[in-house]
Amino acid sequence: MADNVTPRVRVPRDASAGDSVSVRTLISHPMESGVRRDGDGNIIPRQIINRFTCEFNGENVIDVTLEPAISTNPYFQFEAIVNETGTFQFTWYDDDGSVYEETADITVS
Amino acid sequence: MDVSRRQFVGTGLVAAAAFFGLPRIASAEALEDAINAFTSGADTASDGITLIAPEIAENGNTVPIEVDAPGAAAIMLLAAGNPSPDVATFNFGPAAGRQSVSTRIRLAGEQEVIAFARMPDGSFKQARQNVRVTIGGCGG
Amino acid sequence: MTKKTLLGGGAIGALAILFAGVGVADIDEEESLIVNGEIEMITEAAAPDHLDGSLSTIYSGWRFRSDETQAIQADDFDNPAFIFVDQAITEFNTVMGSEGNSCASCHSPGDFEMTRSTYPQWDEERGEVQTVEMQIIECQTERMGMEEPYAYDAQVMRNMSALVSSEGRGQVVNVAIDGPAQSAWEEGREIYYTRFGQLELSCANCHEQNYGNNIRADHLSQGMINGFPTYRLKQANLVSVHNRFRGCIRDTRAETFPVGSPEFVALELYVQSRANGLTIEGPAVRN
């Protein structure tokens, strides 16, 4: 598992039904591309977050396939429709099999 | 302000050409394969898709870009001059508010960033932008 | 004291290519930085008196960066440095050392509001100018009973330094240059104006005489450190002041002073004093 992989997410605290809200996500991850070499000239093996998904109350908002060209500490900002109060579920999948999760609640009136 | 510096125009131009040379294409074949995997060779329209990238990226490690294709089912991002052209594919679900995403990508040098959108009716859109990438100097 | 340049025409040619630029002070006018919609930054101010006219206006490094880079700093979520501040907060609450205390046993982060803007500063008890790193090491060894305090430029130290800076954002830089700190300040000033290395460049050659110009593809700032430790897009990580000093001097092809050395402590005091009047922005985002 990569060290110190920490997700952070930001959604508004509340919204009106039918609003499209801005969602921002960041995860601290080196996104080792697999093309860099170490001091001895050996390739540093690839290790990246290769997939990110976001759901709201079980419904899919976005499903991202990431390649090594996504920068260190992958950042995504996108929008989600919220029709009722509920919970966002965020999931990041690492090459090494680790899965990182985070949730965020929103009150919708 | 030190005004006594002299400029050798010829050497300046050569240096400039080296920094802002022709855009890279890492592998035309890899790029075509990546595009065909998404579009199956279909024609693309250029309306209805917006790609926002800086004209000059301050550092190739972290280049902010934004892509928007109203109504799209999926958007694929490519970097024509990277060692491998694939950057990301965004699949939008039923709860997506807009079919748009902002992210930060790595660019190995000056090159075209390309976005393809697949629409629900099976048609495709395409947008391209050339991005110059400054690769430091004395930035340490 | 300036060392003589012995290389003659070749050096001047090299410098001319290096300084082929886009014009003096290529800074966008009328730009303002308000972080999180609430912290108002001063990114432009009258130069402090001690500069004696060598600069008339001082600018934060933020002003020299592209629009996209500037935007990343405007919000604590968009600013990736806060990943590291979060890690520091976890460390802050972690017990370390034989006394069984964490930083939080004696401090809350809010205590550090005035720290970054007044450091480096003279420590009466130790009889020397201290940087924030030195202060942290002092706490860890002398009060927390840690046998192995943080290394001066380790990730954990940079994270903690970023936490300290973040609490001080918006405070006006105001380091003391007189009194007991004066001789260190003067030593720092002398280093600033000394040419180093095969390229015979001093800090002033780039940051005082050529700010706004390009050196190869780098857009030169005035070299202010009010944004440190800074998240550099290049490293995608925090970079400390001494690490940056080392990088700059290495780029002149010289042997550098080590991080934490008295020379770099003196230089840090002097360089921070050049920003007296700007606000603390750290951890900032730079290229």
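The residue count restarts for each chain, going from 1 along the sequence in the order it is written. Each chain gets a letter, beginning with A, and each ligand a number, beginning with 1, in the order they are written. Local features are withheld for residues below a pLDDT of 70 in this predicted model, meaning they are given only at 70 or higher, and side-chain atom pairs are given and counted only at 80 or more; totals for whole chains, interfaces and linings count all residues. Each side-chain value is derived from all of the structure's non-hydrogen atoms; neither hydrogens nor water enter the calculation.

Caption draft 1: Broad picture of the packing of aromatic side chains. Note on aromatic pairs: the rings of Phe, Tyr and Trp (six-membered ring only in Trp) are paired at centre separations within 6.5 Å, and the planes decide the class, stacked below 30 degrees, edge-to-face beyond 60, tilted for the rest. In total, this model carries 20 aromatic pairs over all chains according to the counting rule given. An aromatic cluster is defined as three or more aromatic residues linked by ring pairs; in this entry it consists of Phe52, Phe56, Phe76, Phe78, Phe88, Phe90 and Trp92 of chain A together with Phe90 of chain B. Above the face of the Tyr75 of chain A ring, Arg104 of chain B is positioned so that its terminal group lies 4.0 Å from the ring centre. A ring is considered to have a charge above it if a Lys NZ or an Arg CZ atom is located within 6 Å of its centre and within 35 degrees of its normal.

Caption draft 2: Local environment of the interface of chain B and chain A. Only heavy atoms enter the contact rule, under which two residues are in contact if any of them lie within 4.5 Å. Every contact between the two is made by 24 residues of chain B and, on the other side, 26 residues of chain A. Joining two parts hides part of their accessible area as seen by a 1.4 Å probe, and the buried area is that hidden amount summed over both. Between chain B and chain A the total buried area reaches about 2000 Å² when both faces are included, carbon and sulfur atoms providing 50% of it. It is Ala95, Arg104 and Arg106 of chain B that lose the most area in chain B upon contact with chain A, and together they represent 32% of the buried surface on that side. Any Lys or Arg side-chain nitrogen located within 4 Å of an Asp or Glu carboxyl oxygen qualifies as a salt bridge. For the pair chain B and chain A, the interface holds one salt bridge. Here Glu79 of chain A ties to Arg98 of chain B by a salt bridge, and the two come within 3.1 Å at their closest N and O atoms. Definition of a polar contact: a pair of N or O atoms within 3.5 Å, with one able to donate and the other able to accept a hydrogen when the atoms are protein atoms, and with sequence-neighbouring residues admitted only if both atoms are side-chain atoms. The interface formed by chain B and chain A holds 19 residue pairs in polar contact (both at pLDDT 80 or more) in total. Labels follow the DSSP assignment, with helices taken as runs of H or I lasting at least four residues and strands as runs of E lasting at least two, numbered in each case from the N terminus. When contributions to the side of chain B that touches chain A are tallied by element, the ones reaching two or more residues are strand S6 (86–92) and strand S7 (96–105) of chain B. With nine residues, S7 of chain B is the single largest residue contributor to the side of chain B that touches chain A. Residues are grouped as follows: Ala, Val, Leu, Ile, Met, Phe, Trp, Tyr, Cys and Pro are nonpolar; Asp, Glu, Lys and Arg are charged; every other residue, Gly included, is polar. For the side of chain B that touches chain A, the class distribution of residues is 10 nonpolar, 10 polar and four charged.

Caption draft 3: Structural view of the sheet that holds strand S10 (residues 237–239) of chain C. Residue and element names in this part refer to chain C. Paired strands, in this sense, are two strands between which DSSP finds at least two bridges. One open sheet holds the three strands; their spatial order is S10-S9-S11, and the pairing between them is mixed. The open sheet has two edge strands with one neighbour each: S10 and strand S11 (285–286). Relative to S10, strand S9 (residues 230–232) runs antiparallel, the two being bridged by three bridges. Among the inter-strand pairings, Arg232 is bridged to a residue of S10, identified as Asn237.

Caption draft 4: Structural context of the pairing of strand S3 (residues 19–27) of chain A. Residues and elements named next belong to chain A. As paired elements, strand S1 (residues 7–10) and S3 share four bridges and run antiparallel to each other. Paired with Arg8 across the bridge in S3 is Leu26. Sheet topology note: the S3/strand S6 (residues 75–82) ladder contains eight bridges and is antiparallel. Bridge assignment links Ser22 to a residue of S6, and that residue is Glu79.

Caption draft 5: Focus on the confidence of the model for chain C. Residue and element names in this part refer to chain C. Overall, the prediction assigns chain C a mean pLDDT of 90, with 91% of residues at 70 or greater. On a scale of 0 to 100, pLDDT captures the predictor's confidence in every residue. Here residues 1–25 is a poorly scored stretch, pLDDT under 50, and it has 46 contacts once near neighbours within four places are set aside; other chains count. Predicted complex metrics record ipTM = 0.95 and pTM = 0.87.

Caption draft 6: Fine view of the pairing of S6 of chain B. For each residue, the accessible area found with a 1.4 Å probe, counting protein chains only, is set against the maximum for its type, and the residue is called buried under 20%, exposed over 50%, and partly exposed in between. Among the seven residues of S6 of chain B, five are classified as buried, and the element is accordingly described as predominantly covered. Here strand S5 (residues 59–66) of chain A runs beside S6 of chain B; their pairing, made up of five bridges, is antiparallel. When the sheet's bridge partners are listed, Leu66 of chain A is paired in S6 of chain B with Ala88 of chain B. Across five bridges, strand S5 (residues 74–79) of chain B lies against S6 of chain B in antiparallel orientation.

Caption draft 7: A look at the confidence of the model for chain B. Chain-level statistics for chain B give a pLDDT mean of 85 and a share of 80% at 70 or above. A low-confidence stretch, residues 1–19 of chain B stays under pLDDT 50, and its non-local contacts, those more than four residues away or across chains, total 19 contacts.

Caption draft 8: Inspection of the sheet that holds strand S2 (residues 50–52) of chain B at higher detail. In space, the six strands of this open sheet follow the order S1(A)-S3(A)-S6(A)-S7(B)-S4(B)-S2(B), with antiparallel pairing throughout. Here the strands that pair on one side only, and so sit at the sheet edges, are S1 of chain A together with S2 of chain B. Averaged over all pairs of adjacent strands, the angle between strand axes in this sheet comes to 15 degrees, irrespective of strand direction. Note: S6 of chain A against S7 of chain B, four bridges, orientation antiparallel. The residue of S7 of chain B that forms the bridge with Phe78 of chain A is Val101 of chain B. Fitting a line to C-alpha atoms yields each axis, with helices limited to the stretch in contact; the angle taken between N-to-C directions then spans 0 to 180 degrees.

Caption draft 9: Quick peek at the nonpolar core. We call a set of buried Ala, Val, Leu, Ile, Met, Phe, Trp, Tyr and Cys residues a nonpolar core when their side-chain atoms join them within 4.5 Å. If you look at the biggest cluster of nonpolar residues, it comprises 58 residues, and the most contacted ones within it are Phe52, Ile62, Phe88 and Phe90 of chain A together with Phe90 of chain B. Residues within four places of Ile62 of chain A in sequence aside, it is in contact with Phe52, Thr53, Cys54 and Phe78 of chain A together with Phe90, Asn91, Phe92, Gly93 and Val101 of chain B. In terms of nonpolar packing, the next biggest core, distinct from the first, is built from 38 residues, Ile225, Phe245, Ile249 and Tyr270 of chain C among them.

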